[in-house]
Amino acid sequence: MVDNLLQLTPRGLYCELGGFYVDPYEPVERAIVTHAHSDHARPGCRKYLAALPSQHLLRLRLTEEAEFTFVDYGQSLDVGGVKVSFHPAGHILGSAQVRLEYRGRVEVVSGDYKLESDLTCKAWEPVVCHRLISECTFGLPVFRWPDSAVIAGEINQWWRAAAEEGKCCLLYGYAVGKSQRLLSLLDVSIGPIYTHGAVEKACQAYRVSGVSLPDTEYVGAVERRDTWAGALVLAVPSAHGTSWTRRFGNCTTAMASGWMMIRGTRRRRSMDRGFVISDHVDWPSLLRAITASRAESIWLMHGYTVAVARYLRELGKDALALGQRTFDGSEDAEYLT
Amino acid sequence: MQDFVRLFHALDATTKTNEKLTALRRYFANAEAADAAWATYFLCGGKLKRMISGKLLRQWAAEQADVPLWLLEESYHAVGDLAETISLLVIGGADEAPQSLSEWVEHRLLPLAGMEESLAREGLRDIWWHTRIDARFVLMKLITGAFRVGVSKRLVTRALAAEFRIAPEVMAHRLMGQWQPTAEFFKSLKRAEQDGPLPSKPYPFCLAHAWPASDPLESLGNCEEFAAEWKWDGIRCQLIRRDGQVFIWSRGEELMEGRWPEIEQAAAELPDGTVLDGELLAARSDGRILSFAELQRRIGRKRVGKKLMQDVPVILLAFDLLEQAGTDIRALPWTARRQQLELLLSKLPDSAIRINGLIEAKSWQEWVAIRESSRSMHAEGLMLKRRDACYEVGRPRGTWWKWKVDPYTVDAVLIYAQKGHGRRANLFTDYTFAVWNDDQLVPFAKAYSGLSDVEIQQVDRFVRSHTNETFGPVRSVTPKLVMELAFEGIQRSSRHKSGIATRFPRIVRWRQDKQPEDANSLEDLQALLPPEAPA
Ligand SMILES: [Zn+2]
Ligand SMILES: [Zn+2]
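Procedures and definitions
- Residues numbered from 1 in each chain as written.
- Chains lettered and ligands numbered in written order.
- Predicted model: local features only at pLDDT ≥ 70, side-chain atom pairs only at ≥ 80, totals over all residues.
- Heavy atoms only, no water.
- Helix = DSSP H or I, 4+ residues; strand = E, 2+ residues; numbered from the N terminus.
- Rg over C-alpha atoms; globule rule 2.2 N^0.38 Å.
- Buried < 20%, exposed > 50% of the residue type's maximum accessible area, 1.4 Å probe, protein only.
- Contact = heavy atoms within 4.5 Å.
- Donors = N, O, S within 2.8 Å, 3.2 Å for Na, K, Ca; no water.
- Tetrahedral: all angles 85-135°; square planar, octahedral: opposite > 155°, others 65-115°.
- Pairing = 2+ DSSP bridges.
- Axes fitted to C-alpha atoms, helices over the stretch in contact; angles between N-to-C directions.
- Salt bridge = Lys/Arg side-chain N within 4 Å of Asp/Glu carboxyl O.
- Domains from an automatic or database assignment.
- Polar contact = N/O pair within 3.5 Å; in protein donor to acceptor, adjacent residues only side chain to side chain.
- Nonpolar A, V, L, I, M, F, W, Y, C, P; charged D, E, K, R; others polar.
- Buried area = accessible area lost by both parts, 1.4 Å probe.
- pLDDT = per-residue confidence, 0-100.
- Phe/Tyr/Trp six-rings, centres within 6.5 Å; stacked < 30°, edge-to-face > 60°.
- Lys NZ or Arg CZ within 6 Å of the ring centre and 35° of its normal.

Looking only at helices and strands, chain B has 19 helices and 19 strands in total. Its C-alpha atoms give chain B a radius of gyration of 27 Å, near enough to 24 Å, the size a compact globule of 535 residues would have. Dimensions along the principal axes, computed over C-alpha positions, put chain B at roughly 75 × 70 × 40 Å. By residue count, 52% of the 535 residues in chain B fall in the buried class. Counting only contacts in chain B whose residues sit at least 6 apart along the sequence, the fraction spanning at least 24 positions is 69%.

Glancing now at the coordination of the zinc ion (ligand 1). Residues and elements named next belong to chain A. Every protein donor of the zinc ion (ligand 1) is listed here as H35 (NE2), H37 (ND1), H91 (NE2) and D112 (OD), and their distances to the metal cover 2.1 to 2.2 Å. Metal-centred angles of 89 to 167 degrees between the four donor atoms at the zinc ion (ligand 1) mark the site as irregular. The distance between the zinc ion (ligand 1) and the zinc ion (ligand 2) comes to 3.5 Å, with D112 serving as a donor to both metals. With H35 in the loop between β4 (30–32) and β5 (47–51) and D112 in the loop between β10 (105–109) and β11 (131–136), the pair connects residues that are 77 residues apart, well separated along the chain. H35 gets classed as buried once you look at its relative accessible area, which sits at 1%.

Another aspect to go through is the sheet that holds strand β1 (residues 7–9) of chain A. All names here are of chain A. With respect to topology, six strands assemble into an open sheet ordered β1-β2-β3-β4-β5-β6, the strand pairing being mixed. Among the strands making up the open sheet, the edge pair consists of β1 and β6 (67–71). Neighbouring strand axes in the sheet, compared pairwise and without regard to direction, differ in orientation by 30 degrees on average. Pairing of strand β2 (residues 12–15) with strand β3 (residues 20–22), which is carried by three bridges, proceeds in the antiparallel orientation. Within β3, the position partnered with Y14 by the bridge is Y21.

Per the counting criterion, the structure on display carries 45 salt bridges over all chains. The residue D12(B) makes a salt bridge to R263(A) at a minimum N-O spacing of 2.8 Å. In this pair, D12(B) is assigned in helix α1 (residues 2–13) and R263(A) in helix α5 (residues 263–268), connecting two distinct chains. One exposure class covers both D12(B) and R263(A), and it is buried. Among the salt bridges present, the one from D311(B) reaches K307(B), with a minimum N-O distance of 2.7 Å. A residue pair is termed a helical-turn pair when its members lie 3 or 4 positions apart in one helix, as D311(B) and K307(B) do in helix α15 (residues 306–311) at four residues. By relative accessible area, which is 32% here, D311(B) ends up partly exposed. Residues joined in a network through salt bridges with shared partners are K114(A), E116(A), D118(A), R181(A) and D279(A).

Glancing now at the environment of D215(B). Residue and element names in this part refer to chain B. If you trace the backbone, D215 turns up in the loop between β1 (209–210) and β2 (226–232). On the accessibility criterion, D215 (34% relative accessible area) is partly exposed. Sequence separation of D215 and I248 is 33 residues, and the distance between their C-alpha atoms is 36 Å.

Residues and elements named next belong to chain B. By the assigned domains, chain B splits into domain 1 (2–144), domain 2 (209–404) and domain 3 (408–528). Computed over C-alpha atoms only, the centres of domain 2 and domain 3 are separated by 35 Å. Opposite the five residues of domain 2 that make contact, domain 3 presents four residues. At the surface where domain 2 touches domain 3, the tally comes to one salt bridge. Between R503 and D233 there is a salt bridge, with the nearest N and O atoms lying 2.6 Å from each other. Taken together, domain 2 and domain 3 are joined by one residue pair in polar contact (both at pLDDT 80 or more). Of the residues belonging to the side of domain 2 that touches domain 3, the class tally is two nonpolar, one polar and two charged.

All names here are of chain B. With respect to burial, strand β6 (residues 314–324) is a largely interior element, ten of its eleven residues being buried. With eight bridges connecting them, strand β5 (residues 274–282) and β6 associate as antiparallel partners. Of the residues in β6, the one forming a bridge with G278 is A318.

Residue and element names in this part refer to chain B. Residue placement: H209 occurs in strand β1. Judged by its relative accessible area of 18%, H209 falls in the buried class. If we skip the residues at most four places from it in the chain, H209 touches R395, P396, R397, W400, W401 and K402.

So, on to the domain arrangement of chain A. Residue and element names in this part refer to chain A. Each domain of chain A was delimited in the assignment, giving domain 1 (7–143 + 279–335) and domain 2 (148–275). Centre-to-centre, using C-alpha coordinates, domain 1 lies 28 Å away from domain 2. Each partner contributes residues to the interface: domain 1 has 27 residues there, and domain 2 has 25 residues. In total, domain 1 and domain 2 occlude about 2,200 Å² of area from one another, counting both sides; carbon and sulfur atoms represent 62% of this. Here domain 1 and domain 2 share two salt bridges between them.

We now examine the interface of chain B and chain A. On the side of chain A, 25 residues touch chain B, which itself brings 34 residues to the contact. Across the interface of chain B and chain A, roughly 2,600 Å² is buried in total on both sides, 54% from carbon and sulfur atoms. Across the chain B-chain A interface, the total number found is one salt bridge.

Let's shift gears to the confidence of the model for chain A. Chain-level pLDDT for chain A is 91 on average; 95% of the residues reach the 70-or-more range. Across residues 325–337 of chain A the pLDDT falls below 50, and counting only partners more than four positions away or on other chains, this stretch makes 50 contacts in the model.

Okay, the side chain of S148(A) next. Turning to its location among the elements, S148(A) is positioned in helix α2 (residues 148–164). Look past the residues within four positions of S148(A) in its chain and what remains in contact with it is E116(A), R181(A) and I277(A).

Let us now look at the packing of aromatic side chains. Under the defined criterion, the tally for this structure stands at 36 aromatic pairs over all chains. Between Y14(A) and Y21(A) the ring centres are 4.5 Å apart and the planes differ by 35 degrees, which places this aromatic pair in the tilted class. Under the relative-accessibility criterion, Y14(A) is labelled partly exposed at 21%. Judged by its relative accessible area of 12%, Y21(A) is buried. Judged by centre distance (6.2 Å) and plane angle (80 degrees), the ring pair of Y431(B) and F433(B) falls under edge-to-face. According to the relative accessible area criterion, Y431(B) is buried, its value standing at 2%. Above the ring of W400(B), the side-chain terminus of K385(B) is found at 4.0 Å from the ring centroid.

Next comes the structure, spelled out in structure tokens:
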């Protein structure tokens with residue numbers, strides 16, 4: 001049986017047998033893409049292969065003339081003799097774990113993933129493999145997500161209180177995935193919901209893909225509005241503190257991110273509130289997922305790779321921290337895109 | 001307990017003084033006296049006696065969370081705060097203990113101190129199990145003695161005064177000295193105002209405006225209408241001698257008690273009913289003023305040891321007299337007050353209270369030249385005061401001018417970066433800068449502040465992608481970024497590799513237009529040093 005289906009090269013994870021990269025860092029001939037976030041789906045490749053439900057989001061990001069192939073979750077495709085299939089990762093709409101099989105050897109690239117429920121995408125499923133290549137953006141035991149239903153309650157309470165005080169709520173989150181998940185948690189009876197341009201585009205892609213979301217209105221399409229009191233605006237974090245926010249008048253701001261777990265990042269963001277809500281695995285789910293995969297070898301990418309690898313090795317597992325380029329676990333890089 | 005936890009998080013979430021004041025008032029209005037007493041104690045900077053060593057805390061928390069100790073340390077690096085790391089790490093139960101703050105402190109925290117190790121460990125595990133994250137964090141802060149939430153004793157005093165309708169100086173007086181955080185004590189804070197003037201009551205400080213360095217002094221008028229003194233870099237103080245007692249107030253209107261024994265002693269020689277305005281400074285017995293760095297060794301020390309008092313003696317350089325023989329003389333012109341001050345202090349030879357000398361000059365030009373020598377005197381520049389002005393309240397225009405020398409600036413290369421703590425955990429925000437010594441870069445200053453949020457993000461990204469080596473939390477990066485640093489003072493230092501130490505280094509701007517080769521050299525910095533002082 002072959003030992004390695006994948007290896008890490010300067011351009012990213014490479015499968016020599018099949019002649020393709022998974023989430024390459026640079027333009028390559030053939031790319032398999034786990035999901036539509038910009039640090040995974042890079043433009044400029046000639047051929048892309050991805051999970052079918054990510055179709056509309058990917059097209060949003062990769063508009064150039066390239067050859068796209070989409071396959072549904074669970075179906076497999078032969079790429080250069082390697083059997084490739086996609087399995088739900090629960091991260092955002094269309095996010096997938098990529099399973100590779102060659103002569104009985106199975107390796108899985110997790111992409112970004114979470115185990116918590118999310119109404120806007122298909123739930124993560126364990127995939128049994130010999131080697132799991134997992135992200136660990138939040139791979140430290142201090143990261144343990146609170147129940148998202150509780151956080152949803154806090155967000156709605158924050159909105160309701162602001163509405164009563166005649167304020168507008170500015171809720172910041174990553175445009176693709178996070179914003180739609182937030183949308184699915186909002187209590188629409190409180191007031192109208194508006195969106196920043198980048199968020200609105202992603203919402204449309206979700207709706208076209210068949211995900212039902214509450215009604216939203218693009219801020220830029222609003223002709224005149226005397227007051228934004230009682231409204232909630234979903235925006236990207238990079239808009240915080242810019243002149244774009246001035247139109248909303250008296251408002252209160254909040255950020256939704258796993259990093260809000262840490263007081264320092266909460267305060268540095270200089271927002272009124274920070275809600276802990278993440279689309280990545282926290283420490284306990286990371287360990288659960290690794291166990292569920294029954295993998296005998298674990299490679300770690302993105303985040304606290306060295307710490308997680310050492311922890312797993314001490315538990316007697318074969319684990320390796322993969323070297324990486326510029327991303328070292330800062331979701332900042334992702335949500336500021 | 002929940003009220004206090006809510007108060008902590010409300011104070012923590014805002015930087016606005018008014019919002020802090022509102023939160024404090026709301027808390028004090030509703031809290032039970034026994035709890036409010038402890039809250040006042042902690043908010044004013046009071047600490048509990050250290051009950052468990054940091055080492056044991058780490059060990060027990062790691063055990064409880066079922067993670068190896070190194071992983072706790074790794075987490076601590078990411079979080080930047082031990083109390084927070086532990087509260088996030090340990091596994092909590094579902095229920096929250098219903099006790100009040102005073103019950104928590106008196107029945108669960110204080111007893112930990114005298115306990116046998118195994119019992120203390122159980123006590124702690126019990127605390128972890130019966131708290132949710134918010135409360136656990138506050139309790140861990142109290143246990144580790146790192147409880148700080150961005151309020152000063154002065155702000156707490158203001159809130160209490162406003163809430164219970166008591167004059168702020170009366171409240172400050174009541175919060176003076178050593179007190180026990182008991183319900184009785186807190187009730188005594190609220191009692192209606194007593195009769196009679198308070199001996200400790202200070203006058204509001206008169207503050208100076210900055211004179212723009214580029215403006216011609218001639219526009220102030222005739223130079224004979226002004227007097228000049230050195231502007232010192234120390235602690236501005238008001239010294240009060242009344243009723244046989246001595247009180248020293250800082251400009252932050254904080255009463256400094258027992259921290260400057262030599263001044264208190266000297267003040268006992270002053271006649272009753274005297275109030276002085278002046279600058280507290282470190283100085284040798286021959287009167288030579290020492291740098292602020294020396295004074296800093298005594299700042300923040302609540303108790304001063306003999307050795308430190310010997311190494312860093314302090315003096316008060318008085319420059320104004322506000323009250324004489326119990327009479328408020330602030331309405332007199334500066335010339336008259338100065339005369340009285342000179343007369344008063346001439347009766348106290350060899351005292352730690354001295355007069356700040358005047359700098360005579362016949363023209364503005366003379367003062368311009370004298371001001372240039374400020375640095376060699378450890379002064380920040382000159383103060384210009386109108387001779388006919390009374391002692392005003394607040395920051396009046398046109399009577400007092402501070403005329404500082406420009407800060408030093410150099411271009412330096414960023415060579416090390418470290419993640420920030422607290423507010424900036426997770427971003428590389430703490431930088432070490434170097435200058436050239438031949439073909440080597442020698443580190444000479446650390447700076448945290450001065451960049452915009454966007455620039456911080458950019459530097460953070462640069463650090464992550466240009467790390468050459470990692471030493472614990474510190475990363476050495478490719479020397480590429482050049483920044484302009486400003487600092488207020490520079491002196492020789494044997495503790496620093498570069499042989500120099502700078503005071504208040506900060507980033508003025510990121511010189512994206514400059515290459516590392518363009519940065520300054522160690523020689524350039526050495527040229528800024530004051531002349532070598534005889535030991
Ligand atoms: Zn992602
Ligand atoms: Zn990612």
